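# Observations on the three-dimensional arrangement
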Amino acid sequence: MAELGAKMSFCTVTVAGHSIYPPNPISIPDRSSHRKQTISILQKCKHLNQILSIHAKIIRNGHEHDPFIVFELIRLSSSKFNSIDYAFKVFHRTHNQNVYLYTSLIDGFVFSGSYVNAIRLYCQMISKSIMPDNYVITSVLKACGSLLALREGREVHGQVLKLGLSSKRSIRLKLMEFYCNCGEFKYAIQVFDEMPDCDVVASTVVITCYFDHGLVERAIDLFDRVKTKDTVCWTAMIDGLVRNGEMSRALDVFREMQRENVRPNEVTIVCVLSACSQMGALELGRWVHSYVGKYRIELNHFVGGALINMYSRCGDIDEAQRVFELMKERNVITYNSIIAGLALHGRSIEAIEMFRQMLRRGLKLSSVTFVGVLNACSHGGLLDLGFEIFHSMAKDHGIEPQIEHYGCIVDLLGRVGRPEEAYNFITSMKIAPDHIMLGALLSACKIHGNLELGEKIAKTLLDCGKADSGTYTLLSNVYALSGKWEEAAQMRAKMKEAGIRKEPGCSSIEVNNEIHEFMLGDIRHPQREEIYRKLQELNKILKSSQQGYYSPATETVLHDIEDKDKEWALAIHSERLAICYGLISTKPSTTIRVVKNLRVCNDCHSMIKLIAKLTNRKIVVRDRNRFHHFENGTCSCGDYW
């Protein structure tokens, strides 16, 4: 950026001269019928080859320097057909370049992400004493903001003041956005304070920028001070909260938006569906779906994909498939969404069939497609097919495997009980493993009792500084399972010394459109007495059953404590509390859906199967890895997870 600044200093240039052409030359009466006809033909072009043919005729007819025609040629080539090189050649062949031709090419550079070139071209324009107007200034400020070119942007701001353009609303908005992007909120607020009171667009710009920098509370404070909010402002607020992980607050804002009778648009719908997906708020997601139908919002790739993702992640894969079938047009993104959803629910064969359907349709597969189908192979234990698809990536589709794809194979080998092969696979990879991949293998070592390899992997993570709470916890658990209580305690002590906190287990359940969250042994819920009464009732019934339903797997409690204490430690896991709340607060036969942030332990998995059978309920649990559909004493994962 220093090099860029050294090459471009605007402030010493005296701006003079004035273009004779208006901001929108096509809108004024045009004396040349040929010019009108040529511009009309250009605007009807569907691809660049048509532009090339018409340009050749323009040159033959001697109109290649007509500024109105050149303006349209540059605008269409750079922005509509994304051929910035061709637009650049047209520009440089033109005599008497003016501010509007410069603006069209600078816009093209910004559109194509060539921000440095956009700033350089603006600098060239200034050096030729061509006076900038508000259109070109907003364009170059966007380039400066995208490139975080603070020095260059501030020099443009100086020119704005000298030219008396600071009263232009479009420039003020772009200046605010520029300063916010660069993290200079002091200057952004100074510009904001000069705007008319309650300017909702200006407020929305600042709110969005606050969220971009993770300043959630500042964004909320400003949002609360906006008196009249439009759909875009509400949507920016919801989107910002979702992007910052504040799903519950995002849904609260959406409900407030409904109370204020502000109609959401397509973008709002997608943002809310994203929050529903991550919160497991199925009922609210269904309401949003009904809203889409009621107001006839098009079920395009954007909305349809969001609905598929929401239903998949909220536990209703059947409805996700119905949405997929209803969509008139399906692209790669749509297929990727349904494949990922099917894999998440353990419906591996159906996911692979969708993958094969893509191949038959001749769709261009993406890197995301292969992550989805390899996950399906992993969740289904389809080892040979997984390797076949993995090797086809580069060989048949020209897609080099990335860390995510290697991770799927490592996970697959670990799940089928081949941790040693998974380790050998890692050592033969073209790229270095990340902590997620090594953590998955460490988890497999714990499940399959491979202490020696588990210690080796954990040491690798610790030595390279990539160990997180999961690494320490897993290694502690590996030691505990082997009866090495002292080593397990040492691991927990090291974790404490390093200032690393174990992620607490948390489960949530949606009842009557409200999300209820539970932690391990939680006593915060208003109905805690009824919840624990139901929990004790279930424990008593299952343990005393003549059929010998349930015996607590106390060996999974990895602390050196008495068995009675271990039983209670298992009984108060967060997912059990959430399920008990679902049992006491919903009608009989209602499906109970729970979302957990960690993996479901073996004991809870066994008990939930029995609870589902005893209560004649379907219980759906989404944990960190996948969905479990418990029904009639069985689980959809086939006890393979």
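The rules we used
Residues numbered from 1 in each chain as written. Predicted model: local features only at pLDDT ≥ 70, side-chain atom pairs only at ≥ 80, totals over all residues. Heavy atoms only, no water. Phe/Tyr/Trp six-rings, centres within 6.5 Å; stacked < 30°, edge-to-face > 60°. Buried < 20%, exposed > 50% of the residue type's maximum accessible area, 1.4 Å probe, protein only. Lys NZ or Arg CZ within 6 Å of the ring centre and 35° of its normal. Helix = DSSP H or I, 4+ residues; strand = E, 2+ residues; numbered from the N terminus. Contact = heavy atoms within 4.5 Å. pLDDT = per-residue confidence, 0-100. UniProt positions renumbered as here; feature names shortened; annotations may be inferred. Pairing = 2+ DSSP bridges. Right-handed = clockwise from strand over helix to strand, strands pointing away. Axes fitted to C-alpha atoms, helices over the stretch in contact; angles between N-to-C directions. Lys, Arg positive; Asp, Glu negative; His and termini not counted. Salt bridge = Lys/Arg side-chain N within 4 Å of Asp/Glu carboxyl O. Polar contact = N/O pair within 3.5 Å; in protein donor to acceptor, adjacent residues only side chain to side chain. 1 Å grid on protein atoms, 1.4 Å probe; cavity = no way out; pocket = protein on both sides within 12 Å on 5 of 7 lines; lining within 4 Å. Points joined across faces, edges and corners; volume = space filled by probe spheres on them. Nonpolar A, V, L, I, M, F, W, Y, C, P; charged D, E, K, R; others polar. Core = buried A, V, L, I, M, F, W, Y, C linked by side-chain atoms within 4.5 Å.

## Comments concerning the packing of aromatic side chains
A full pass over the atoms with the stated rule returns 16 aromatic pairs. Plain terms: the ring middles of Phe178 and Tyr179 are 4.9 Å apart, the flat faces sit at 50° to each other, and that makes the pair tilted. The two residues Phe178 and Tyr179 agree in class, both being buried. Within the aromatic cluster, the residues linked to one another by ring pairs are Phe254, Trp287, Tyr291 and Tyr295. Across from the ring centre of Phe223, 4.7 Å away, lies the NZ or CZ of Lys229, which sits over that ring.

## Digging into the environment of Gln527
Among the structural elements, Gln527 can be located in the loop between β2 (514–519) and α30 (528–544). On the basis of relative accessibility, which here comes to 26%, the residue Gln527 falls in the partly exposed class. Each C-alpha atom, one on Gln527 and one on Ser585, is 9.8 Å from the other, the two residues being 58 residues apart in sequence. If we ignore the near neighbours within four places in the chain, the residues touching Gln527 are Tyr581 and Ile584.

## Things to note about the confidence of the model for the chain
Residues with a pLDDT of 70 or more make up 90% of the chain, whose mean pLDDT is 85. Counted against residues more than four places away or in other chains, residues 1–31, with its pLDDT under 50, gives 61 contacts. Counting contacts from residues 552–563, a segment whose pLDDT is below 50, to residues more than four positions away or on other chains yields 29 contacts.

## Some points on the UniProt feature "repeat: PPR" (unreviewed entry) in the chain
Listed under "repeat: PPR" (unreviewed entry) in the UniProt record, and renumbered for this structure, are residues 98–132, 230–264, 300–330, 331–365, 366–401 and 468–502. Segment residues 331–365 splits into 77% helix and 0% strand. End C-alpha atoms: 10 Å apart. The straight-line gap between the two end C-alpha atoms of residues 366–401 is 11 Å; of that span, 81% is helix and 0% is strand.

## Thoughts on the pairing of strand β4 (residues 619–622)
A two-sided burial pattern is seen for β4, the buried positions comprising Ile619 and Val621 on one face and Val620 and Arg622 on the other. Sheet topology note: the strand β3 (residues 592–596)/β4 ladder contains four bridges and is parallel. Bridging across to β4, Arg593 finds its partner in Val620. Running through helix α33 (residues 602–615), the crossover from β3 to the neighbouring parallel element β4 is right-handed. With four bridges joining them, β4 and strand β5 (residues 627–631) adopt antiparallel strand pairing. Looking at the pairing, Val620 lines up with His629 of β5. Here β4 folds back onto β5 in antiparallel fashion, the turn holding four residues.

## Side note on the sheet that holds β3
Consider a sheet: its strands pair through backbone hydrogen bonds, and that pairing is either parallel or antiparallel. Taken in spatial order, the six strands of this open sheet run β2-β1-β3-β4-β5-β6, and their pairing is mixed. Each having just a single partner strand, β2 and β6 (634–635) make up the two edges of the open sheet. Relative to β3, strand β1 (residues 506–511) runs antiparallel, the two sharing three bridges. Opposite Ile509, over in β3, you have Val594 as the bridge partner. Contacts between helix α32 (residues 574–585) and the sheet are confined to β1, β2, β3 and β4, with β1 contributing the most and set at about 15° to the helix.

## Overview of the side chain of Arg622
With respect to the secondary-structure elements, Arg622 resides in strand β4. Buried charge without a partner: Arg622 forms no salt bridge, and the closest opposite charge is Asp623, 7.6 Å away. Here Ser277 takes part through its backbone oxygen, which lies 2.8 Å from a polar atom of the side chain of Arg622.

## Side note on the layout of surface pockets
What the second largest pocket holds in volume is close to 270 Å³. When contributions to the lining of the second largest pocket are tallied by element, the ones reaching two or more residues are α17 (282–294), β1 and β3. For the lining of the second largest pocket, the residue count by class is four nonpolar, six polar and four charged.

## Side note on the pattern of salt bridges
Throughout the structure, instances matching the rule amount to 25 salt bridges. A salt bridge links Arg151 to Glu155, with the shortest nitrogen-to-oxygen separation between them at 3.8 Å. Pair noted here: Arg151 and Glu155 are both in helix α9 (residues 150–162), with a separation of four residues, about one helical turn. Assessed through its relative accessible area of 46%, Arg151 is described here as partly exposed. The buried category is assigned to Glu155, whose relative accessible area is 11%. Residue Asp252 is joined to Arg255 by a salt bridge in which the shortest nitrogen-to-oxygen separation is 3.2 Å. Here Asp252 and its partner Arg255 are both found in helix α15 (residues 247–259), three residues apart, which amounts to about one turn of the helix. Since its relative accessible area comes to 23%, Arg255 is described here as partly exposed. In this structure, a network of salt bridges that share partners links the residues Asp212, Asp239 and Arg243.

## Brief notes about the environment of His157
Structurally, the position occupied by His157 is in helix α9. Placed 20 residues apart in sequence, His157 and Ile137 show a C-alpha to C-alpha distance of 8.9 Å. Those residues in contact with His157 that sit more than four places away from it in its chain are Leu175, Tyr179 and Val191.

## Structural notes on the nonpolar core
By size, the foremost hydrophobic cluster in this structure holds 165 residues, and its most contacted members are Tyr122, Ile137, Ile238 and Ile457. Val511, Val594, Val621 and Cys637 belong to the second-largest nonpolar core, a separate cluster that totals 30 residues.

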